[in-house]
2 protein chains.
Amino acid sequence: MIGVYDSGYGGLSVLRHLVEALPEHDFVYLGDSGRAPYGGRDAHTLLDFAEQAVERLFEEGCGLVVVACNTVSCVCLRHLQQRYCGPGSGRRVLGVTIPGAELAVSIGAARVGILATSRTVSSGTYVAEIHKLDPTVQVLQQAAPLLAGVVEEGWEDSEIAELCVRRYLDRMPPVEALLLGCTHYPYLAGALGRARPGLRLLDPAPFLARRLVEWLARHPGFVTAAEPPGRLRVLCTGDPQAFAEHGERFLGARVPPVEHVAEIDGRLAHADPAHAPKGQIVRPRRGSRWPGSS
Amino acid sequence: MIGVYDSGYGGLSVLRHLVEALPEHDFVYLGDSGRAPYGGRDAHTLLDFAEQAVERLFEEGCGLVVVACNTVSCVCLRHLQQRYCGPGSGRRVLGVTIPGAELAVSIGAARVGILATSRTVSSGTYVAEIHKLDPTVQVLQQAAPLLAGVVEEGWEDSEIAELCVRRYLDRMPPVEALLLGCTHYPYLAGALGRARPGLRLLDPAPFLARRLVEWLARHPGFVTAAEPPGRLRVLCTGDPQAFAEHGERFLGARVPPVEHVAEIDGRLAHADPAHAPKGQIVRPRRGSRWPGSS
């Protein structure tokens, strides 16, 4: 099985391309929707979340995990690879940043823009990866903290989306092409097109799918085709019903019954959302440095 | 000193009212901007963050901590009180939920709306607190995940703000008054007024300040007036420069030099933001269950 990890719904748009390119495989998708958005979070929180997510996917039987989330790919990918994918481990974690950089360079543009989350922009990873391939490409980054939320609300075709997109693009000098550095942004293609007619939009997802097909051909037997093929399981940390409803738009197909996982003692484990706590929550006392504690 | 804790900038709007009501006291503000927004987070993550924040404020010398954040007040307040504020501890943690509920009931309306984050809504705490005071009040909640982000961007007076506000209010049946259940929302008063002319808006912050003055009068000597009075320190977990720039709007005054704190070994400690990591981050190996790890 191939695991796909994202901060929320957005990665389902990547999964869609992967399923089309690799119909003979089974997939397990983990969307950390209960803790999304990731874009403004500090690096060590992201490392914690990324460790929990890939460990859950390894435990579900995935030898190969694709990190669809740009923020995690930019900040945590090397850590995940070093921590889990040593020689003989039989595990691989692949990200979206290198395929994205390859796509940005492949079009031969002199000035490429990147629209992304704050954390992706501040990491500088896309700029570094593009310059490894071609140091002459001028890269202009723009953080767009609201855009993922606009798509999560299902408002991608609204006037709100277009106004937000205009405000962010107005902060960026003219570019020949714009790399969509967040899995939510392909859904804003309409709003982006109305705001900047003729601007070439670069979606890393189809490029990532082609790269994955090539990678599997170079590593025969690493992930075996399933029998019967094409099963899909979906796990999320948020509301499973809302995830299935919203997710259909991203996946372009009906989302199978969504399994709920939650952080329990620092790990993501299956949990019954009906048991989610309500109201005030009091945790049992642990060894406390605070005299006068209960 | 009085500590004020919020997930980010929003609580500075509460601090503003507290400073006006209690000019003879010193304040320490802690904004967890590096890990905001809190509104979509799971309950146990919120408990961890809240413990770290109030412990930092106790260690700064605050005997009294006001939780300005509605989400933390709704989910974590009882835990914080039981854990840190036992008899003889000399510590108190007060939240915004009970003053908010008192305000909602005080106006004598039959139908009150609450606009808040997803987590505040799902906790049901505001509804429970209002019904403790008056079980006949009909309470209608509406989650508004995008609104805090709109204010964080400084777009509260834009058409975007008004369109978002309209969409959220359209999901709510008519109400006589609307409780602003997030510290960011008072900044949307203009947009809310244009979307629903004549709708009465209830901001818990001035009410909380009056309640705190009364509480201090009932507990003489609990927090002593400072000499000289009126000092303010501001700590944040995100970018201190951005915090000072954005924060001025919320505080209505110049923000003093912002001190950076970061999570180090599970606690919030002072840290030099110049050492914030860039690019890919690799954490040292801890005891690993994963054979083949580096």
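Residues numbered from 1 in each chain as written. Chains lettered and ligands numbered in written order. Predicted model: local features only at pLDDT ≥ 70, side-chain atom pairs only at ≥ 80, totals over all residues.

Enquirer: I would appreciate a short explanation of the overall build of chain A in the present structure.
Expert: A tally of helices and strands in chain A yields 11 helices and 11 strands. For 294 residues, the compact-globule formula gives about 19 Å, and the C-alpha radius of gyration of chain A, at 20 Å, lands near that figure. With the principal axes as the frame, chain A shows a C-alpha extent of 60 × 50 × 40 Å. With 294 residues in all, chain A has 50% of them scored as buried. (Helix = DSSP H or I, 4+ residues; strand = E, 2+ residues; numbered from the N terminus. Rg over C-alpha atoms; globule rule 2.2 N^0.38 Å. Buried ≥ 20, exposed ≤ 12 C-beta atoms within 10 Å, placed from the backbone.)

Enquirer: What exactly am I supposed to notice about the packing of helix 1 (residues 12-21) of chain B against helix 10 (residues 204-218) of chain B here?
Expert: All names here are of chain B. At a minimum axis separation of 9 Å, helix 1 and helix 10 run at an interaxial angle of 40°. With respect to each other, helix 1 and helix 10 are oriented oblique. Here helix 1 runs over helix 10; the crossing is right-handed. The residues of helix 10 that touch helix 1, namely those facing Ser-13, Val-14, His-17, Leu-18, Glu-20 and Ala-21, are Ala-205, Pro-206, Leu-208, Ala-209, Arg-210, Leu-212 and Val-213. Here the residues of the contact of helix 1 with helix 10 sort into 9 nonpolar, 2 polar and 2 charged. (Axes fitted to C-alpha atoms, helices over the stretch in contact; angles between N-to-C directions. Parallel < 35°, antiparallel > 145°, perpendicular 65-115°, else oblique. Left-handed = near helix turned anticlockwise from the far one by under 90°. Contact = placed C-beta atoms within 7 Å. Nonpolar A, V, L, I, M, F, W, Y, C, P; charged D, E, K, R; others polar.)

Enquirer: How should the sheet that holds strand 5 (residues 111-116) of chain A be read in this particular structure?
Expert: Hydrogen bonds along the backbone pair up the strands of a sheet, which may run parallel or antiparallel. Residues and elements named next belong to chain A. The strand order across the open sheet built from 4 strands is 6-5-7-8, with neighbouring strands paired in parallel fashion. Of all the strands in the sheet, just strand 6 (138-143) and strand 8 (200-202) have a single pairing partner and so form its edges. When strand polarity is set aside, the average angle formed by the axes of neighbouring strands in this sheet is 25°. Across 6 bridges, strand 5 lies against strand 6 in parallel orientation. Each residue of the ladder has a partner; that of Val-112, found in strand 6, is Val-139. (Pairing = 2+ DSSP bridges.)

Enquirer: Would you mind going over the interface of chain A and chain B with me for this structure?
Expert: A common way to report how large an interface is uses the accessible area buried once the components associate. On the chain B side, the residues contacting the 52 residues of chain A number 51 residues. Listed by contribution, the elements that provide at least two residues to the side of chain A that touches chain B are helix 2 (43-59), helix 3 (70-84), helix 6 (125-133), helix 7 (147-152), helix 8 (159-170) and strand 10 (258-264) of chain A. Of the residues forming the side of chain A that touches chain B, the biggest block, 8 residues, is contributed by helix 3 of chain A. Residue composition of the side of chain A that touches chain B, by class: 21 nonpolar, 19 polar and 12 charged.

Enquirer: It is not clear to me how the domain arrangement of chain A should be interpreted in this structure. Could you clarify?
Expert: Residues and elements named next belong to chain A. Taken domain by domain, chain A holds domain 1 (2-96 + 206-273) and domain 2 (98-203). Here the C-alpha centroids of domain 1 and domain 2 sit 22 Å apart. With 25 residues of domain 1 in contact, the opposing surface of domain 2 contributes 24 residues. Broken down by secondary-structure element, the contributors of at least two residues to the side of domain 1 that touches domain 2 are helix 1 (12-21), helix 3 and helix 10 (204-218). (Domains from an automatic or database assignment.)

Enquirer: Could you clarify how one ought to interpret the sheet that holds strand 7 (residues 177-181) of chain B in this entry?
Expert: All names here are of chain B. If you walk across this open sheet you meet the 4 strands as 6-5-7-8, and the pairing is parallel. Each edge of the sheet is formed by a strand with only one pairing partner; in this case those strands are strand 6 (138-143) and strand 8 (200-202). The average angle at which neighbouring strand axes cross in this sheet is 25°, direction not considered. Packing of helix 4 (residues 97-106) onto the sheet brings it into contact with strand 5 (111-116), strand 7 and strand 8, and relative to strand 7 it is tilted by some 170°.

Enquirer: Help me understand helix 11 (residues 240-251) of chain A in this model?
Expert: Residues three or four positions apart in an α-helix share a direction because the helix packs 3.6 residues into each turn. All names here are of chain A. Listing the buried residues of helix 11 in full gives Pro-240, Phe-243, His-246, Gly-247, Phe-250 and Leu-251. Across the axial projection of helix 11, the buried residues extend over an arc of 140°, all falling on one side. Against the buried residues of helix 11 lie helix 1, strand 2 (27-31), strand 9 (232-236) and strand 10. Two residues or fewer after helix 11 comes Gly-252, characterised by a positive phi angle close to 70°. (Arc of directions from axis to C-beta.)

Enquirer: Quick question: what am I supposed to make of the relation of the copies chain A and chain B here?
Expert: One copy of the chain maps onto the second through a rotation around an axis plus a translation along that axis. Between chain A and chain B, the superposition needs a rotation of 180° and an axial shift of 0.4 Å, giving an RMSD of 0.2 Å. Considering both components of the superposition, the chain copies are consistent with a two-fold axis. When each C-alpha of chain A is compared by its distance to the rotation axis, Ile-160 of chain A comes out closest, at 2.7 Å. An overlap of 98% is found between the interface residues of chain A and their copies at the interface of chain B, pointing to a shared contact surface. (Least-squares fit on C-alpha atoms with pLDDT ≥ 70 in both.)

Enquirer: Explain the pairing of strand 7 (residues 177-181) of chain A here, please?
Expert: Residue and element names in this part refer to chain A. Most of strand 7 sits inside the fold, with 4 of its 5 residues counted as buried. Here 5 bridges tie strand 5 to strand 7, and the two strands are oriented parallel to one another. Bridge pairing links Ala-116 to Gly-181 in strand 7. At this point the chain moves from strand 7, through helix 9 (residues 189-195), to the parallel strand 8, and the crossover so formed is right-handed. (Right-handed = clockwise from strand over helix to strand, strands pointing away.)

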